[in-house]
Amino acid sequence: MPLHLPEALLTQHARAEEALQEIRQLRLKSRLSLKDLRQIAKLRVEIAQLSPPERYGWIDGRPRIDILAELVKIDRQTAE
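Along each chain, residue indices are assigned from 1 in the same order as the chain's sequence is written. Local features in a predicted model are, by the rule used here, given only for residues with pLDDT of at least 70; side-chain atom pairs are given and counted only at 80 or more, and totals for whole chains, interfaces and linings are based on all residues. Note that the side-chain values use all heavy atoms of the structure and ignore hydrogens as well as water.

Some words on the environment of Leu9
Item 1. Each helix corresponds to a stretch of at least 4 residues labelled H or I by DSSP, and each strand to a stretch of at least 2 residues labelled E; elements are numbered beginning at the N terminus. Position of Leu9 relative to the elements: it lies in helix 1 (residues 7-27).
Item 2. On a C-alpha basis, the gap between Leu9 and Ile59 in space is 23 Å, while along the polypeptide they are 50 residues apart.

Now the structure itself:
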């Protein structure tokens, strides 16, 4: 049975994933321009805002497990 996560959490997760993908795409460039570096910084700030500490499982003082991502994955698996 699916978890039926709140739409706000699903939206938050989706946007964080999009921002991470944008950063990955920018980093594929052989040379980053100042504009690219600014965009990466902007995306990192957005990800930080979308990812409060409560969203993670912490091990040795570092975020190791994205709890929301795991819940979304479980929700998708149970929906199939």
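Regarding a nonpolar patch on the surface
Item 1. Patch building starts from residues that exceed 30% relative accessible area and form no salt bridge, then joins like charges within 9 Å and nonpolar side chains (Val, Leu, Ile, Met, Phe, Trp, Tyr) within 5 Å. Residue burial considers only the protein chains on display, and all accessible areas are found by Shrake-Rupley using a 1.4 Å probe. Criterion for a salt bridge: a side-chain nitrogen of Lys or Arg within 4 Å of a carboxyl oxygen of Asp or Glu. Together, Ile59, Ile65, Ile67, Leu71 and Ile74 give the surface a local cluster of nonpolar side chains, amounting to about 380 Å² of exposed area.
Item 2. Examined against the element boundaries, Ile59 turns out to sit in strand 1 (residues 56-59).
Item 3. We classify Ile59 as partly exposed; its relative accessible area is 43%. Per-residue accessibility, obtained with a 1.4 Å probe over protein chains only, is compared with the maximum for each type, and a residue is labelled buried under 20%, exposed over 50%, and partly exposed between these values.

Quick word on the side chain of Ser51
Item 1. Take Ser51: it is sitting in the loop between helix 2 (34-50) and strand 1.
Item 2. On the basis of relative accessible area, Ser51 is assigned to the buried category, the value being 13%.
Item 3. Within 3.5 Å is the distance limit for a polar contact, defined as a pair of N or O atoms, with the added protein rule that one can donate a hydrogen and the other accept it, and that residues adjacent in sequence qualify only through two side-chain atoms. For Ser51, the side chain forms a polar contact with the main-chain oxygen of Ile47, separated by 2.9 Å.
Item 4. A polar side-chain atom of Ser51 sits 3.3 Å from a polar atom in the side chain of Tyr56.

Side note on the confidence of the model for the protein
Item 1. A score from 0 to 100, pLDDT tells how confident the predictor is in each residue. When pLDDT is averaged along the protein, the result is 86; 95% of the residues meet or exceed 70.
Item 2. The element-level mean pLDDT for the protein is lowest in strand 2 (residues 62-66), coming to 80, with helix 2 highest at 93.

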